[in-house]
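# Residue-level structure breakdown
This is what each chain is made of:
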Amino acid sequence: EPEVTQTPSHQVTQMGQEVILRCVPISNHLYFYWYRQILGQKVEFLVSFYNNEISEKSEIFDDQFSVERPDGSNFTLKIRSTKLEDSAMYFCASSAQGVGYEQYFGPGTRLTVT
Amino acid sequence: GIQVEQSPPDLILQEGANSTLRCNFSDSVNNLQWFHQNPWGQLINLFYIPSGTKQNGRLSATTVATERYSLLYISSSQTTDSGVYFCAVAVIQGAQKLVFGQGTRLTINP
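Presented here is a report on the structure given in the accompanying data block. As the structure is a computational prediction, the values presented were derived from the model and not from experiment.

Bringing the overall build of chain B into the picture now. When helices and strands are counted, chain B shows zero helices and eleven strands. Helices (α) and strands (β) of chain B occur, in sequence order from the N terminus, as β-β-β-β-β-β-β-β-β-β-β. Computed over C-alpha atoms, the radius of gyration of chain B comes to 13 Å, within 12% of the 13 Å expected from 2.2 N^0.38 for 110 residues, which places it in the range of a compact globule. Expressed as lengths along the three principal axes of its C-alpha atoms, the size of chain B is roughly 45 × 25 × 20 Å. Classification of the 110 residues of chain B by burial places 49% in the buried group. Of all intrachain contacts in chain B linking residues separated by at least 6 positions in sequence, the fraction that spans at least 24 positions is 55%. Only carbon and sulfur atoms are counted for the fraction: they give 48% of the accessible area of chain B, which is about 5200 Å².

Now for the interface of chain A and chain B. In this complex, chain A contributes 23 residues to the contact, which on the side of chain B involves 21 residues. At the surface where chain A touches chain B, the tally comes to one salt bridge. At the junction of chain A and chain B, the tally comes to seven residue pairs in polar contact (both at pLDDT 80 or more). At the level of secondary structure, the elements contributing two or more residues to the side of chain A that touches chain B comprise β4 (31-37), β5 (44-50), β6 (53-57), β9 (88-95) and β10 (104-105) of chain A. With four residues, the single largest contributor to the side of chain A that touches chain B is β4(A). Taken together, the residues that form the side of chain A that touches chain B break down as twelve nonpolar, seven polar and four charged.

In this section: the packing of aromatic side chains. This model, assessed by the stated rule, comprises 14 aromatic pairs over all chains. Each member of the aromatic cluster is reached from another via a ring pair, and the members are Y33(A), Y35(A), F45(A), F91(A), F105(A), F35(B), F86(B) and F100(B). Sitting above the plane of the Y69(B) ring, R22(B) keeps its charged end 4.2 Å from the centroid.

As a further point, take the sheet that holds strand β8 (residues 75-79) of chain A. Residue and element names in this part refer to chain A. Pairing within the open sheet is antiparallel, and its four strands lie in the order β1-β3-β8-β7. Of all the strands in the sheet, just β1 (5-7) and β7 (65-68) have a single pairing partner and so form its edges. The sheet shows a mean angle of 20° between the axes of neighbouring strands, taken without regard to direction. Relative to strand β3 (residues 19-24), β1 is paired through three bridges, and the arrangement is antiparallel. Paired with T7 across the bridge in β3 is R22.

Here is what the cut-offs are and how they apply
- Residues numbered from 1 in each chain as written.
- Chains lettered and ligands numbered in written order.
- Predicted model: local features only at pLDDT ≥ 70, side-chain atom pairs only at ≥ 80, totals over all residues.
- Heavy atoms only, no water.
- Helix = DSSP H or I, 4+ residues; strand = E, 2+ residues; numbered from the N terminus.
- Rg over C-alpha atoms; globule rule 2.2 N^0.38 Å.
- Buried < 20%, exposed > 50% of the residue type's maximum accessible area, 1.4 Å probe, protein only.
- Contact = heavy atoms within 4.5 Å.
- Areas by Shrake-Rupley, 256 points an atom, 1.4 Å probe, with all protein chains shown as cover.
- Salt bridge = Lys/Arg side-chain N within 4 Å of Asp/Glu carboxyl O.
- Polar contact = N/O pair within 3.5 Å; in protein donor to acceptor, adjacent residues only side chain to side chain.
- Nonpolar A, V, L, I, M, F, W, Y, C, P; charged D, E, K, R; others polar.
- Phe/Tyr/Trp six-rings, centres within 6.5 Å; stacked < 30°, edge-to-face > 60°.
- Lys NZ or Arg CZ within 6 Å of the ring centre and 35° of its normal.
- Pairing = 2+ DSSP bridges.
- Axes fitted to C-alpha atoms, helices over the stretch in contact; angles between N-to-C directions.

Structure follows, in structure tokens:
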């Protein structure tokens, strides 16, 4: 069964460094998402991406964040200058279509900012 | 925005017991998904169920969209069922983002 994959599974970085989290969505899916979960809290939406542009973003997704689909298979989340409060689990998801379609989640990348 | 409330927040049961988890939401939805977060933090898709009833082994789910709630049933619980269960919804009028509830932490004791 096709699945969403994410790399790395765990990333440790120092405050102020740039990080890139990588995702490979399911191959025929058109909509891509990033969510994050701070330890002990609920999962929060960050951004959705369709047709090579952002379709919606949350207030969390400020200028420090960016997303990109650099080729036909990868979908990346970049954090330009990490802060301690960026420490969280980051989930990538994809769906075949948009509104009302099931979203398939990857296993997550645990980001630790020291 | 839409509010998603899950109950109970915590549930402790003995192995073999049955459990019912509830998800209430405050607006009409076109997507509702149940997830199990395992001890490694992974979100495991359980059900995509914007309406109706589905069953998968010992798990089943029912969504009554007109009354804005969904129920997740776990029968004959096993210790491996422990973890946090999340309900997530997407509103009809709006984009595709999922809004998650706070989760129900289920602990199954041997």
